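Here is how the chains run, residue by residue.
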Amino acid sequence: MMASSYSAKDEDGHITVSGPGGGTLRNKKPENTAFKQQRLPAWQPILTAGTVLPAFFIIGLIFIPIGIGLYVTSNNIKEFEIDYTGDDTSSPCYNCAQNFSWNNTKSCTCIIPFQLDQPYESNVFMYYGLSNFYQNHRRYVKSRDDSQLNGNIDSLKKPSKECEPYASVDNKPIAPCGAIANSMFNDTLKLFYNDPNGTSVPILLTSTGIAWWTDKHVKFRNPGGNNANLTAVFQGTVKPVNWHRPVYELDTDPENNGFINEDFIVWMRTAALPTFRKLYRIIQKNNNMAPTLPRGNYTLVVDYNYPVRSFEGRKRMILSTISWMGGKNPFLGIAYITVGSVCFFLGVVLLVIHHKYGNRNNSANISN
Amino acid sequence: MKERRVKANAWDYNDRFSYADNRIKTSKYNIFTFLPINLFEQFQRVANAYFSVLLILQLIPEISSLSWFTTIVPLVFVLVITAVKDATDDYFRYKSDQQVNNRQSQVLIRGSLQNEKWMNVRVGDIIKLENNQFVAADILLLCSSEPYGLCYVETAELDGETNLKVRQALTVTSDLGDISKLMDFDGEVICEPPNNKLDRFTGTLYWKGNKYPLDNEKMLLRGCVLRNTEWCFGMVIFAGSQTKLMQNCGRTKLKRTSIDKLMNTLVLWIFAFLICMGVVLAIGHTIWETYVGTNFRVFLPWDTFQISAVFSGFLTFWSYIIILNTVVPISLYVSVEVLRLGHSYFINWDRKMYHSPMGTAAEARTTTLNEELGQVEFIFSDKTGTLTQNIMVFSKCSINGQMYGMDRLKKKTACVDFSFNPLCDRRFKFFDSSLVEAIKMEDPAVQEFFRLLALCHTVMPEEKSEGNLVYQAQSPDEGALVTAARNFGFVFRARTPETVTLCEMGRTVTYQLLAILDFNNVRKRMSVIVRSPEGQIKLYSKGADTIIFERLDPSSENLMYTTSEHLSEFAGEGLRTLALAYKDLDEDYFKVWMKRLLFASTVIENREDQLAVLYDEIELGMKLLGATAIEDKLQEGVPETIACLNLADIKIWVLTGDKLETAMNIGYSCNMLRDDMNEVFVISGHSLQDVRLEENSGVIHFHCLSSFLRSAKEHILGLSRVSSAGHVEKTDAFADDSVFEEAIIAEYALVINGHSLAHVLEPQLEHILLDLACLCKTVICCRVTPMQKAQVVELVKRHKRAVTLAIGDGANDVSMIKTAHIGVGISGQEGMQAVLASDYSFAQFRYLQRLLLVHGRWSYFRMCNFLGYFFYKNFAFTLVHFWYGFFCGFSAQTVYDQWFITLFNIVYTSLPVLAMGLFDQDVNDQNSLRYPSLYKPGQQNLLFNKRQFFLCTLQGMATSFLLFFIPYGAFPLMVKEDGSPFSDQQAFAVTIATSLVIVVSVQIGLDTHYWTAVNHLFIWGSLMVYFAILFAMQSDGLFGIFPSSFPFIGTARNCLSEKSVWLVVLLTTVVCVMPGLVVRFLRVDLFPTLTDKVRRLQQSRKKQGPQEQNLRRVRRTSSRRSAYAFSHQQGFGELITSGKNIRRSTVSSLCSPERIAQSHSSSWIENMLKRKNEVSCASPESEGGAPKSVKGTVCMDPTDQAQF
C-alpha cells in the first residue's frame, strides 16, 4: 500500500501540494530553452525525387570517367611476370627446387631467360611474389618483437615470448626473433640484359628506397644507436635458424644493414593476403632518352634458397612500371565503371518509376 | 519475532534492546563501500558478466586473438559511467536523507523541551509535535491540546488520503499535558515487532500497575502531518528504519519494456549466431590446418601444445568468439540507458506538461519505460480526480419549482456579484443573478433552501481571522453546498456540539442542534433536527431524490413533478443532484422520539438497525424545498484528449469505483459515450434478474451473463457482417471473427459494474468479455474495487499482448498503476500515493496526450532507429573478421588495429548515434498531435521487430562483405606511387577501418531526420576524432614510448596519402550506401507512410511560413439521463453531536457537569471509530486474493467509497 520507492524528499514535497491556495509555490517551471523544449533549430532533409535522382546521376557521371581513367592508366602500365617456382620439369629451377635442403650452404642457381616485348620507360620496379604463403596467419603475424626491432637492448637480449619458438636457441637470443624474421625471403635475383650483340649486361638493381620511410627511420632501428660496429652490438645473439648469415651481415652498407636492412624491413611488413608481392629492387631510369629496360632478351639469375614447394607455394619475379595510381590494377577501373553505370542506370529506372507511379502530390490526401 | 518493549523516559532500559535509531538511510553506499558494492552489483548484470568472461578468455595467451585492452577499455568505460550515475543518484539520496535527518523536533530531555535533530530522537523519547509538523517517528499519542486527547492527522504521505483522520490518546494519558507530568511518565509499552501494516498495531501499555490495550488509533505514524491540533505529545515506539513508513519502502518491481524483452531475445540470437560463426570458422581452421597448415610448418611451426588440427580448431573457436564478440555490443546497454535517461529529462523539462496553478511539472519517475509510451494500446483510467477534478461546484438549483443557474457553456454571462456579502468566498462563482434577487427579496422558500444547506451538513468551520472562514468538509459535495449557502447570505460560522451558528443575511442566528441523522449508504440521505431561536423545531433533510421523494408529504406532489423535471435536466448535463426537504416537528412528538433515540443508542445489539428504524420514522411527510445540482467538474481538455487518443487507436477504459449513473454521465460528458452510438450494452449486476440469479445459484447466473455477452457479441458481428457483405464477398470469413473485428464500422459501448465483473472475470467468461470489450469503442467499469481494477488490467495484459497504461490519482489506483505496463499518476487532489507508485506523473489528464503522442512516439521512434542502426553498425564492423577468416587460414587474425577495435564502439561511433537517439524527430510535436494516426506504427510494433532486426543485420552483413571484398579486389596488386608495395596487412586494416567509419557515418547521416547542431558536431566531430586518433596512435612519438603496443606506426601516413586508397574508400562508401538509399527512396516514393506524408507537408508548410493551426473541437452531445449521485463515507455526525471534536476555550468546560453524557458519548466515539475501521478493513477482507499492495488501509477515495 505504501509507496514502494520511498525517498525522503517526498515527505517534504507534499506540503506545498496540499495547499494550493497557500501561495508558496516552488518555481519548478522548466526553462524555456530550445534545447529543453526540443525545439533546436534543425535541418530536416527528406528523401525526395529532387534530391535522390540527381545524386544518382551525379555519382554515375563522376564514377564512369574515373573508372575509364583508371582502366586506361592501368592498361598503360607494363608488367612482366615470371614464375620460377620450379615444380615443372621444364622449368630451369626444377633441379634447384627438387634438391633443396636446409643444410645446403652452397646456393643453387638457376638461369631463366625471358623476353620483354615492349620497352619499359621510367623507373622499373622489380618485385618478388609469393602465393599460398600465409603471412597473415595470426600466429605468424604476432611472432615478432617490435621492441627488439626498434633497437631496444633489453628486448635484444630477451626477446618477447611472442617470438616463440624462434625466440632463442641454446639460451641465446635470436636477433631478429620470431617466425616472420626466420622465414625471410632469401632468394637472390639478378637481372641481365642480353644485348643483341651477344654480351650480357648486368642491370643495376637499387636495393635502397624500397621500404617505407617511417619503417626505415622510425620503426626499425639497430640496437646501440649509431654504433657502426654492428657485430659488436649483436654480440651474444644468434642468427635466426633459417638464415645463412647473421643479421649484421645482410649488407655491406652500414645504412642498410642489421635491422634497417630494407629487404628485411619489406619482409617484416606482413602481407594482408596469402598471395602477395613485395618490392625487391628498383631499376632506376637512365638519364638519357633510352628506355630503362629496352625491348629484348633478358636473363634472370636466381640463387634458389627459399623453399615453397612443401606448402605448394609459388614464387614469381615481376617487373613493372607504375603510374599516378600505382601499379597495374584493372580492378578499380572496372569497379568504378560498373558502379557508375549501375548508378546511372538506377537513376534512369528510378526516374521512370517515379514518373509513372510515384506520389508527387501526396500531402493533400492525409487522412486521419 | 519477539515482542518489543519500550519504556518511556528510560534510555538505559531501552538501550539494552538496541532498537534502530531515528536516522534514516536510503543511500546505499558510503565513500569506502562504494567501489566494492557497486562493482559487485554491476557484475551481476548479464552483459557485464559476459564481458568479464571474455576478458578472462583473452588472458589465456593460447586463444587470445585480441589484446586484453580491447575488452577492458570498453568494459571499464561502461562500468565507470554506470558507477558515476549510481554515485550521483546515491549522493542525492544521501542529501535528502541528511535533510530529513536534520529536521528539528522538540524532545523532552531532562525535564525540558529541547530541539533535537530527527536523527537523534530515540525510542522511548517523548516528543512534542506542533500543528502542521511532520511526525518524526512512529509515536504513541499521549496527550494533545484538544479535549479527550484527540488529534487530527493527514495521512496523505502514507495512504494518499487527504481527509483528516482522528487519533485519540488513552484516557489515562490524555491529561499528561504538562512537562513535569510527562517527565514522570514511566509507562512501558510492549508491542508487536516492526512491520509494514499501516492499519494495524497491537500493544499494551503498562503503567502504574495497570494494563491498557493499544491499537492503531493511538498511534501517529511517521510521515503523517498533524492538522488542526495545536500540539500533542507522543512517545516514540518505532524509530528510523523500523517505522511503518520505512518498512513499506520495498523495491518496486522492475518493469521492462517490450523493446527490452525483444532486445534480450535478439542478443541471445546474436549470441547463437556468434557461436555458429565460431563453429564454422573453427571447422574451417581444422580443415585448413590439416591440408595447408601442416605443410606450412616449415615457416610456421605449430605451438608445442597444439597436438592436432582438431584441438587447434577448438582453440580457434574461442579465439573467434573473442574477436567476433563485438556483434553483441557492450555499449548497447549503456547507450540505451543513456537514451532513456535523456528522454526522461525531456519529459521533465516539457513546459507544455507543466501545470502552473499547482506548480507541478511532469515527471518521469522511471527512466526505463519511455519507448513503451509510444506503443500503448489500452488506457485504463480512473474517473475521480483523473478525468474529473474532484472539485464540486454548485452550479444550479431548483427552488420551489423555479430553476436557477445558467449553462456556462452556452452563454457567456457575467458572474454574480456577491459584494453585498462580506463573508462570501471569492472563489465561488455563480451565473444567475436572479437567485440573488430572490434572496434579496427575502423569498421564504429560497431562504429556507439556503438555511437548510447551511444547517444540514457535518462540515467543520475554522475561522482563522475575522471573516476568513475555512470549511473542513468531509466530501467535496458538502463543501460545495455549504459554500454556496455562505455566498448567498446564509453563512455557516461556527458550531458546538449543541449549536450551529449562522449569519443569515448579516444577522447572527444560533440554532440549537438537537440531532444529526447521519448519512450512510443505505439511507442515502442525512438530516438534522434543530430548534430555531424562535423555539420552532425543524428537521432538514437532503438526499438522493428517489429516497426523498418517497418520504414527501402529499402536499408537495405538484412541486415534486416540476422538481423532478428539473432534476432530469440537471442529470442530463451530468450534474450531481440532491433533493432537499424539511419538516416542522411537534415539540412533544420530538421529545418522545428523542427519548427513544437515546435509548436505542445505548443498546448494544442491533443498535444500527434500531437507529435506522427511528430515523426512518421521523423522516416522513417532509415538504420538498427543491434540488441542488453540483457539477463534478471535468478536468480541462479531457474530452479533447480522449477524442485525440481514440484517433490514435488507443482504447480507453474507465475503471471507477463510482456509481453506474455517475460513471455513465462522465462517459457522456467526456464524449466516450455518445447518443449516436449504435448500442450501449449495460451489464449491471444490480438489475434485478442478475442479483436474484446470483443469490439462487451461481451457475444460472453464469449462463445468463455469458449468453448475454455472447449475444452482444453476435449482435455486433452480425451487424457488421450485414454492413460489410456489400463490399466483401468473403463467405468463409464467418469462421473467423477476427476478420470482422477490423471491419466494424458501427460504434458500441460497454458498461459493466463491479458485481458482474467479479463473475465475468472467471476464467470461463473472461475471453468472451475481452472479445466483446475489444469490439466496443468504449468500456466503462463502474463500482469496481481496486483489486478488480488490477484484474481488468491484468486480463488485457495477459490476453491481448498489448501495452497497457493505467492512469489514476488516488490510493485506489495504485494496484492498477503497478499492474499495468506503464503507470501514470496524477499529482492532484488526493495525495501522493498514486504518484509514488507510478512511472510517470503529471498534474492533468490532458497531458497524457502529449506524453503518449509526442514523447512516447518520439522515444519509440528514436529507440527503434537507434537499435536498428546499432545492430547494423556492429554487424558491419565485426563480420569483416569472418570474411577475412577465409583468407588467413581461419587463424582468428583481426582485420583492424586493436586500438580501432577498442575505440570503435565507444569513441568513433557512439556519439552520432546517441545524438540521433536523443534529438531525432521525424515529425514535430504539433503535427504529432494533429495527426494522431502517426501513433499507430508503434502499437503495431512496426519500427523495430524481428523482421526489422533481420533487415538491419542483413544490411550490416552486406556492408561488411563489401567492406572486405572491395579492398580485397583492389589491394593485392596495389603499390604506392614510389613503387613500394602496399598490400600489407596494416595498410589493409587502415583502409577498411577508414571505409567503415565513413560508411557508418554516412549511414547515420541518412538515418538522421533532424540535424541539430549537436548532430552536426557529433557526426563531423566523430570523423575528425577518428582521423586525429588514427594519426596519433600511429605517430612516431607514441611508438617511441610503447613500441610493442603501437605497431601501426606510420601506416596512416603512408596509406592515406595514396589516391588509390581514397578511391577504394569512395567506392566502398558508394556501393555500401546506394542499395539502402534506393530501397528507402522507392519506399517513400511509392508507398509513403503517413509519417512521410506529414514530413513532406511539414516541410512545405515551413517554406510557406507558419500557419494558424486550428485544434480539433470536440462536439458534445447532451441527452437526458438521470443520475443521482450522492456518496461519501459515514459522516462525522456522531463526533459532532458528541462534542468531542469541538475545541473548548477553557478547561473548565471539561469539568462541566456533563460527566454522564461524556461517558455515554465516549461509547459513541468508540463505536464510530470502530465502524470506521470496519469500513477500512472491508476491502482487503472481502477480496481474499488481493495483491499485497492493496491490502491494508482504505483504498478508496471518498467518493468511491460508497460501495462499501
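Here the structure is a predicted model, which is why all the values come from computation and not from measurement. Per chain, residue numbering runs from 1 following the sequence as it is written. For naming, the first written chain is A and the first written ligand is 1, with later ones following in the order written. Local features in a predicted model are, by the rule used here, given only for residues with pLDDT of at least 70; side-chain atom pairs are given and counted only at 80 or more, and totals for whole chains, interfaces and linings are based on all residues. Calculation of side-chain values draws on the structure's entire complement of heavy atoms; hydrogens and water are dropped beforehand.

Draft legend 1. Representation of the UniProt feature "transmembrane region" (unreviewed entry) in chain A in the model. Residues and elements named next belong to chain A. UniProt positions are given in the numbering used here, feature names are shortened, and annotations may be inferred rather than shown by experiment. Here the UniProt feature "transmembrane region" (unreviewed entry) sits at residues 46–72 and 331–353. As a span, residues 46–72 carries 89% helix and 0% strand, and end to end its C-alpha atoms are 39 Å apart. By definition, any uninterrupted DSSP run of H or I lasting at least four residues is a helix, any uninterrupted run of E lasting at least two residues is a strand, and each is numbered from the N terminus. Taken as a whole, residues 331–353 contains 100% helix and 0% strand, while its terminal C-alpha atoms sit 32 Å from one another.

Draft legend 2. Structural context of the domain arrangement of chain A. Taken domain by domain, chain A comprises domain 1 (49–76 + 334–362) and domain 2 (78–321). Delimitation of the domains relies on an automatic or database domain assignment. Of note, the centres of domain 1 of chain A and domain 2 of chain A, computed from C-alpha atoms alone, are 45 Å apart.

Draft legend 3. View of the domain arrangement of chain B. Taken domain by domain, chain B holds domain 1 (4–22 + 121–249), domain 2 (31–99), domain 3 (258–342 + 854–1087), domain 4 (370–385 + 636–686 + 746–838) and domain 5 (392–631). For domain 1 of chain B and domain 2 of chain B, the distance between their C-alpha centroids amounts to 45 Å.

Draft legend 4. Focus on helix α33 (residues 946–970) of chain B. Along its 25 residues, α33(B) runs 36 Å from first to last C-alpha, staying within 8% of the 36 Å computed at 1.5 Å per residue. Any pair of N or O atoms that falls within 3.5 Å is considered a polar contact. Within protein, one atom must be able to donate a hydrogen and the other to accept it, and sequence-neighbouring residues count only if both atoms are side-chain atoms. The N-cap residue of α33(B) is Asn945(B): its side-chain oxygen and the backbone nitrogen of Arg947(B) are 3.1 Å apart. In a helix, the anticipated span is given by 1.5 Å times the number of residues less one.

Draft legend 5. The sheet that holds strand β21 (residues 499–504) of chain B, seen in detail. All names here are of chain B. At least two DSSP bridges between two strands are required for those strands to pair. Taken in spatial order, the 9 strands line up as β17-β16-β26-β25-β24-β23-β22-β21-β20 in an open sheet, and their pairing is antiparallel. Each end of this open sheet is capped by a strand with a single partner; those strands are β17 (402–404) and β20 (490–495). Neighbour-to-neighbour, the strand axes of the sheet open up by a mean angle of 30°, direction not taken into account. Where strand β16 (residues 388–399) lies against β17, 3 bridges are found, and the strand directions are antiparallel. By the bridge assignment, Ser-398 is partnered in β17 with Met-403. Packed on one face of the sheet, helix α11 (residues 433–440) meets β16, β17 and β20 and runs near 120° to β17. For helices, the fitted axis covers only the stretch in contact; all axes are lines through C-alpha atoms, and the angles between them, taken along N-to-C directions, range from 0 to 180 degrees. Contacts are assigned to residue pairs with any non-hydrogen atoms lying within 4.5 Å of each other.

Draft legend 6. Summary view of the nonpolar core. Throughout, nonpolar core names a set of buried Ala, Val, Leu, Ile, Met, Phe, Trp, Tyr and Cys residues whose side chains join them through atoms within 4.5 Å. Exposure classes here rest on a 1.4 Å probe applied to the protein chains alone. A residue is buried below 20% of its type maximum, exposed above 50%, and partly exposed in between. Within the largest apolar cluster, 213 residues are counted, with the highest numbers of intra-cluster contacts made by Trp267(A) and Leu319(A). If you tally residues by element for this core, the top one is helix α28 (residues 847–885) of chain B, at 17 residues. Discounting residues that sit within four places of it in the chain, Trp267(A) has contacts with Tyr128(A), Leu130(A), Phe133(A), Gln135(A), Tyr140(A), Ile180(A), Ser183(A), Met184(A), Phe185(A), Phe276(A), Lys278(A) and Tyr306(A). Judged by nonpolar contacts, the second largest core, of 53 residues, contains Ala438(B), Ala484(B), Phe488(B) and Leu580(B).

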